Amino acid sequence: MSEPSTGGRTRDFASVLAEVKPEAERLLAEYPQRRSALLPILRAFQNVEGWLSPEAMSVCAAMVGEPLSVVESTASFYTLFYRRPIGKYMLQPCRNLSCTLRGAEPIMAHFRERLGVEHLQTTDDGLFSYEEVECLAACDRAPCMQVNLEFVFDLTADKVDAILAAMREGRYEVAALPQSAVPAKSWLVTQAPAKRSPGALRVASPDAPGGMGDRSGAQMVERLVEDPYPVVVRPTRERLVTDGAALLANDRDLAAVARDVRPDGAS
Ligand code: FES
């Protein structure tokens with residue numbers, strides 16, 4: 001399996017953590033159980049970084065007192081979380097039935113031509129990421145799309161041109177995402193054909209930024225085999241990987257952890 005690479009961080013995680021921490025502490029105080037704050041804390045990190053970095057997920061695990069695997073499996077369940085660096089505008093036209101019947105295919109072709117990218121790719125300037133997605137539950141306003149998770153309805157080719165022009169000129173109504181790392185050209189995960197069922201060919205998941213096909217699970221096993229010290233075995237629960245706690249407790253550990261959890265998932 002090949003992995004997309006990134007150009008690395010453009011913002012130090014220590015400054016990200018300093019910005020998110022007060023909001024995370026406020027959220028933790030709102031819930032009787034710390035784990036209930038998991039989703040809003042993940043969202044708080046994504047709002048600051050533009051994506052969910054491995055460091056953010058490690059820290060979040062420590063904050064809510066859950067294993068990193070719980071955080072990763074929660075984040076990967078929701079396509080609303082981006083687990084790879086993406087462009088400042090995430091463009092997601094719907095390609096499902098109602099939108100297709102209402103002209104989604106020529107609109108998607110228009111997007112690809114105007115952007116010069118394909119499905120699951122980011123433009124060279126890092127401004128746009130493009131993904132054709134399944135039903136957005138707005139079939140009554142088909143064809144539709146989401147821009148940074150905000151809906152745009154009744155798409156036409158002219159509307160697409162106007163949206164892209166407004167984004168390039170920095171006057172689009174939906175705010176651009178922050179970028180704490182340089183996005184890779186593509187986040188398509190190439191899988192061995194023999195391991196891929198025919199039904200999975202060319203679908204958004206497992207190649208979606210929040211989808212399966214990521215090697216984070218294998219990465220965690222490798223990390224534990226290399227260095228089992230961060231694991232605390234709890235009597236009735238899953239093992240707790242505590243490396244995120246180090247990030248929280250002592251900023252001097254940031255560099256060491258950042259080496260272990262690089263944005264491109266490479267070991
Ligand atoms: S088919 Fe596009 S929103 Fe439902």
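None of the values given here were measured: they were computed from a predicted structure.

### Points about the overall build of the protein chain
When you go through the protein chain residue by residue, the secondary structure sums to 11 helices and seven strands. The proportion of buried residues among the 267 residues of the protein chain is 34%. Taking the contacts inside the protein chain whose residues are at least 6 apart along the sequence as the reference set, 69% of them involve residues at least 24 apart.

### Comments concerning the confidence of the model for the protein chain
On average, residues of the protein chain score 80 in pLDDT, and 69% of them are at 70 or above. Residue range residues 196–213 is modelled with pLDDT below 50. Its contacts to residues more than four positions away, or to other chains, number 35 contacts. Taken together, the stretch residues 252–267 has pLDDT below 50 and engages in 35 contacts with residues farther than four places along the chain or on a different chain.

### As for the packing of helix α1 (residues 13–30) against helix α2 (residues 38–49)
Between α1 and α2, whose axes approach to 10 Å, the crossing angle comes to 155°. Relative to α2, the element α1 is oriented roughly antiparallel. Along this stretch, α1 crosses α2, giving a crossing that reads as right-handed. Counted together, V16, E19, V20, E23, A24 and L27 of α1 and P40, I41, A44, F45, V48 and E49 of α2 form the full contact between these two elements. In terms of residue class, the contact of α1 with α2 is made up of nine nonpolar, no polar and three charged.

### Points about the environment of A56
With respect to the helices and strands, the residue A56 is situated in helix α3 (residues 54–64). Taking the C-alpha atoms as reference, A56 lies 8.2 Å from F13; in sequence the two are 43 residues apart. The contact partners of A56, leaving out residues within four places of it in the chain, are F45 and E49.

### Comments concerning helix α7 (residues 157–168)
Along its 12 residues, α7 runs 17 Å from first to last C-alpha, staying within 8% of the 16 Å computed at 1.5 Å per residue. Along α7, the residues classified as buried are V160, I163 and M167. Down the axis of α7, the smallest arc covering the buried residues is 65°, so these residues share one side. Facing away from the buried side of α7 by over 90 degrees, the exposed positions are D158, D161, A162 and A165. Packed against the buried residues of α7 are β1 (89–93), α6 (104–115) and β5 (150–152). Once α7 ends, the next one or two residues include G170, with phi positive near 70°.

### Things to note about the sheet that holds strand β4 (residues 145–147)
Here we have five strands laid out as an open sheet, ordered β2-β3-β1-β4-β5, and mixed in their pairing. Edge positions in the open sheet fall to β2 (121–122) and β5, since each of these has one partner strand only. With two bridges joining them, β2 and strand β3 (residues 128–130) adopt antiparallel strand pairing. Paired with Q121 across the two strands is Y130, which belongs to β3. Relative to the sheet, α6 contacts β1 and β3, its axis offset from that of β1 by approximately 155°.

### Description of the environment of T10
With respect to the helices and strands, T10 occurs in the segment before α1. Owing to 13 C-beta atoms within 10 Å, T10 belongs among the partly exposed residues under this scheme. When the C-alpha positions of T10 and S180 are compared, they lie 5.1 Å apart, and in sequence the two are 170 residues distant. In this view, T10 contacts Q179, S180, A181 and V182; residues no more than four positions away in its chain are not counted.

### Topic: unusual backbone geometry
Geometrically, the link from A142 to P143 is a cis peptide bond, its omega value of -5° lying close to zero. Looking at the element boundaries, P143 is found in the loop between β3 and β4. Positioned with a positive phi, N148 is a non-glycine residue whose angle comes to about 45°. Assignment of secondary structure puts N148 in the loop between β4 and β5. For L149, which is not glycine, the phi dihedral falls at a positive 75°. Mapped onto the elements, L149 comes out in the loop between β4 and β5.

### A word on the nonpolar core
Within the largest apolar cluster, 49 residues are counted, with the highest numbers of intra-cluster contacts made by I41, F45, L52, M57, C60, L91 and C144. Both domains that furnish three or more residues to this core are identified here as domain 1 (13–82 + 225–260) and domain 2 (89–168). Each residue touching L52, except ones within four places of it in the same chain, is listed here: L42, F45, Q46, M57, A75, F81, Y82 and R83.

### Observations regarding the pairing of β1
The element β1 is extensively covered by neighbouring structure, given that five of its five residues are classed as buried. Here β1 shows two buried faces, one formed by Y89, L91 and P93 and the other by M90 and Q92. For β1 and β3, the ladder comprises three bridges, and the chain directions are parallel. Across the sheet, Y89 pairs through a bridge with F128, a residue of β3. Sheet topology note: the β1/β4 ladder contains three bridges and is antiparallel. Considered in β4, the bridge of Q92 is made with Q146.

So, how was this worked out
Residues numbered from 1 in each chain as written. Predicted model: local features only at pLDDT ≥ 70, side-chain atom pairs only at ≥ 80, totals over all residues. Helix = DSSP H or I, 4+ residues; strand = E, 2+ residues; numbered from the N terminus. Buried ≥ 20, exposed ≤ 12 C-beta atoms within 10 Å, placed from the backbone. Contact = placed C-beta atoms within 7 Å. pLDDT = per-residue confidence, 0-100. Axes fitted to C-alpha atoms, helices over the stretch in contact; angles between N-to-C directions. Parallel < 35°, antiparallel > 145°, perpendicular 65-115°, else oblique. Left-handed = near helix turned anticlockwise from the far one by under 90°. Nonpolar A, V, L, I, M, F, W, Y, C, P; charged D, E, K, R; others polar. Expected span 1.5 Å × (residues − 1). Arc of directions from axis to C-beta. Pairing = 2+ DSSP bridges. Core = buried A, V, L, I, M, F, W, Y, C linked by C-beta atoms within 7 Å. Domains from an automatic or database assignment.

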